[in-house]
Amino acid sequence: GTAPSNAGSATVAGLAPALAMLREFFFAGSRLDIIFAWAGVFVIIGQSVFSAYIKFAINGWYTSFYDLLQTSGAMLCSNVTALVDEAEEAKLTESRQKVWLGLVEFLRIVGPYAIFSPAARWL
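Treat the numbers as computed from the prediction; the structure is a model and nothing was measured.

Q: Quick rundown of the overall build of the protein chain? Include the residues and the values.
A: Looking only at helices and strands, one finds three helices and zero strands in the protein chain. Along the protein chain, from the amino end to the carboxyl end, the secondary structure elements read α-α-α. The buried share of the protein chain, taken over its 123 residues, is 14%. Pairs at least 24 residues apart make up 58% of the contacts formed inside the protein chain by residues separated by at least 6 positions. Of the roughly 9,900 Å² that the protein chain leaves accessible, carbon and sulfur atoms contribute 70%.

This is the structure:
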């Protein structure tokens, strides 16, 4: 037969130096060093969560905004050749306002990311 493998124990033995290093970094040293190390972890995790939320919000915005553009564009194209009465003009005006509000919503979503993402590069 084959000899039993010691790969599992070798892997655990290989983790010991890494765990000792992490323990030294996060739990040993001066109080200021420990606070700084843990603050760094929370900043990195916070930036990752914030980035994931922004991607999620943009994805939702794309769906609603492009649906709005599709209906607004169809409405506009159908009224190009026809005479537009006041009711149709009101619908077009409302559609334009919704598009502008969608663009403002996009700026609200990406504005904080545009400010904080470059700042996060320096952390």
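Q: So what's going on with the nonpolar core? Residues and values would help.
A: Counting residues in hydrophobic clusters, the biggest one holds nine residues: Ile54, Ala57, Ile58, Trp61, Phe65, Leu68, Val99, Ile109 and Val110. At the level of secondary structure, the elements contributing two or more residues to this core comprise helix 2 (31-78) and helix 3 (86-120). Excluding residues within four positions of it along the chain, Val99 makes contact with Phe65, Leu68, Leu69 and Ser72.

Q: Summarise the confidence of the model for the protein chain; cite the residues concerned and give the values.
A: Overall, the predicted model of the protein chain reaches an average pLDDT of 83, with 83% of residues at or above 70. For the protein chain, helix 1 (residues 7-27) is the element with the lowest average pLDDT, namely 80, and helix 2 is the one with the highest, namely 88.

Q: Tell me what's going on with the pattern of salt bridges, and back it up with residues and numbers.
A: A side chain with one charge can pair with a side chain of the opposite charge if their charged atoms come near. Enumeration over the complete set of coordinates arrives at two salt bridges. One salt bridge connects Lys98 with Glu94, and the closest N-O pair in it is separated by 3.5 Å. Residue Lys98 and its partner Glu94 are located together in helix 3, separated by four residues, close to a single helical turn.

The rules we used
- Residues numbered from 1 in each chain as written.
- Predicted model: local features only at pLDDT ≥ 70, side-chain atom pairs only at ≥ 80, totals over all residues.
- Heavy atoms only, no water.
- Helix = DSSP H or I, 4+ residues; strand = E, 2+ residues; numbered from the N terminus.
- Buried < 20%, exposed > 50% of the residue type's maximum accessible area, 1.4 Å probe, protein only.
- Contact = heavy atoms within 4.5 Å.
- Areas by Shrake-Rupley, 256 points an atom, 1.4 Å probe, with all protein chains shown as cover.
- Core = buried A, V, L, I, M, F, W, Y, C linked by side-chain atoms within 4.5 Å.
- pLDDT = per-residue confidence, 0-100.
- Salt bridge = Lys/Arg side-chain N within 4 Å of Asp/Glu carboxyl O.

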